[in-house]
Amino acid sequence: MQFHDVTVHPESDRLPREGQLAWKIASVAADPVAVETEVAEMIVNRVIDNASVAIASINRHSVISARAEALAHARPGGATLFGMGPDRRVHAEWAAWANGTAVRELDYHDTFLAAEYSHPGDNIPGILAVAQQCERSGHELVRGIATGYEIQIDLVRAISLHKHKIDHVAHLGPSVAAGLGTLLGLPVETIYQSVQQALHLTTATRQSRKGEISSWKAYAPAHAGKMAVESVDRAMLGETSPSPIYEGEDGVIAWMLDGRDALYRVPLPSAGEPKRAILSSFTKEHSAEYQSQALIDLAFRMGRQVKSWDDVEDVLIETSHHTHYVIGTGSNDPQKFDPHASRETLDHSIMYIVAVALQDGVWDHVKSYLPERAQREDTVRLWRKIHTIESPEWTRRYHAEDPEEKAFGGRITIRFRDGSVLADELAVANAHTLGATPWQRADYIRKFRMLTEGIVTPAEAERFLSVVQALPSLTARELPELEIRIDPARIEQSRARGIFGFQPA
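Thresholds, definitions, all that
- Residues numbered from 1 in each chain as written.
- Predicted model: local features only at pLDDT ≥ 70, side-chain atom pairs only at ≥ 80, totals over all residues.
- Heavy atoms only, no water.
- Pairing = 2+ DSSP bridges.
- Helix = DSSP H or I, 4+ residues; strand = E, 2+ residues; numbered from the N terminus.
- Core = buried A, V, L, I, M, F, W, Y, C linked by side-chain atoms within 4.5 Å.
- Buried < 20%, exposed > 50% of the residue type's maximum accessible area, 1.4 Å probe, protein only.
- Contact = heavy atoms within 4.5 Å.
- Salt bridge = Lys/Arg side-chain N within 4 Å of Asp/Glu carboxyl O.
- Phe/Tyr/Trp six-rings, centres within 6.5 Å; stacked < 30°, edge-to-face > 60°.
- Lys NZ or Arg CZ within 6 Å of the ring centre and 35° of its normal.

K.L.:
Explanation requested: the pairing of strand β10 (residues 421-426) in the structure shown.
P.N.:
Side-chain direction in a regular strand flips from residue to residue, so the side chains alternate between the two faces of the sheet. Summarising the sheet, strand β9 (residues 410-416) and β10 pair through six bridges and their orientation is antiparallel. When the sheet's bridge partners are listed, I412 is paired in β10 with D424. Counted between consecutive antiparallel strands, the loop separating β9 from β10 contains four residues, among which G419 sits at a positive phi close to 95°.

The structure is reproduced here in structure tokens:
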């Protein structure tokens, strides 16, 4: 890896393109380096993972709405939509929108956490959609996805967005654009313009993940992917973009991030170096914010030792700065203790998550968030006894570069009314690479079967699993078979009608 110093430059400097971060990202994307077998196999795992969570959310409201918008933009030979089969095609940017929303809706796919945080699997819907529309092979798709993961994870390692209340999908626009550049074999100049425009169009505030969290949390990455597709299209037509988008005196760093005196050191692969970043990411066994994964596993273990929840006086969670301030009591969000809060809000309340995990000993992507579950009186009483504090040691491990040290867990201490204490800690989730039961291909397939049971027929599930595991060798003609067919009677349609669905009298 090479580390690139990125600073703000006044316009009078006329920073050469070759010195700009967007150009360096584009150069990585244009590098014809081969994808390693281990990386290709992990990409297959993550395509399975995305399909699992997308099908599980097929009839959730935001997914229904996004699909309705996409279906209003039909295109023969375009891209497919989850559940609709290979014959129902739409324009690629709308497939990126609808499929990206379905993938993110349950917040149940892969993650990478460092200076920033991300769901790098959000790269896949946009890159897959363009691959289908532009008749690319499975081999080319794998190369594009490897680049998307690489660029997003490298940006996440170096540049904090949440520190300045910018939503983390600002790293996703550039990474999808770069991945599309690799997929389509575009020249550095074209990818450079795409990356800049995608970033320019995908910077937004973090209010989408604050307070009463709305359905936009699912839409935000889909919007970034859609904007990236459109940015690449315009760049291919010869259009240019705001430049230098990162380093300019009125650019993103100067006015949205660390300011005019900023210095970021961004790691990127050297020329000819394989793109391996996907191997540093990790998926979710439980449908909840990633920082809760280890704490859920820990709560399962501890909950079995508690005889009566009314005997609990207090529950303290010692954890990292990020967990405390984003999903813990450090957020100062009263909604995180509200039994009537939205699912999106409960998913971002470690107090709620730990309370339910302690009591139930299992986690279900639907049942654990039902209103009757959140409003259960004994759960509410326990929930409001839970609080978090930042531990410097857990914060250090959260940001550690050594994978043996890097951790996203914490320590839970339960104090009982009789003065006794139950305490335990867990550094990484069981499913993590260094966890008790690190996930392999069979685990991704098990998750797929669990989440699609009752929605997808067994025969269709087996057909999809057979196709996806052959992804690197699929031809362009076979790529639409990565779609999953669901009985149309099982797919809900939007009862509302928006602008795109308007029918003239």
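Alright, that's what it looks like, and here's the rest.
K.L.:
I would appreciate a short explanation of the nonpolar core in the present structure.
P.N.:
Where a protein is soluble and globular, its nonpolar side chains tend to be buried together. Core analysis: the largest hydrophobic core is formed by 161 residues, its most contacted members being L141, W363, I414, L471 and L482. Looking at this core, the element that brings in the most residues is helix α2 (residues 37-56), giving twelve residues. With near-sequence residues (within four places) excluded, I414 lies in contact with M302, V306, V312, D314, V315, L358, S420, V421 and L422.

K.L.:
Could you clarify how one ought to interpret the pattern of salt bridges in this entry?
P.N.:
Any two side chains of opposite charge can pair, so long as their charged atoms come close to each other. Within the structure shown, the criterion is met by 33 salt bridges. One salt bridge connects E230 with R234, and the closest N-O pair in it is separated by 4.0 Å. Taken together, the residues span about one helical turn, with E230 and R234 both in helix α9 (residues 216-236) at a distance of four residues. For R234, a relative accessible area of 29% gives the class partly exposed.

K.L.:
Before we go on, may I ask you to explain the packing of aromatic side chains in this structure?
P.N.:
Aromatic ring pairs are defined here through the distance separating the ring centres and the angle between the ring planes. Evaluation of the coordinates by the stated rule reveals 14 aromatic pairs. For the ring pair W97 and W216, a centre distance of 6.2 Å and an interplane angle of 45° mean the geometry is tilted. Pair noted here: W97 is in helix α4 (residues 92-105) and W216 is in helix α9, with a separation of 119 residues, a long-range link. On the accessibility criterion, W216 (36% relative accessible area) is partly exposed. Ring pairing ties together the aromatic residues F112, F282, Y290, Y398 and F408, which thus form one cluster. The ring centre of Y369 lies 4.0 Å from the NZ or CZ of R343, which sits over that ring. Sitting over the ring of Y108, K447 keeps its end group 4.1 Å from the ring centre.

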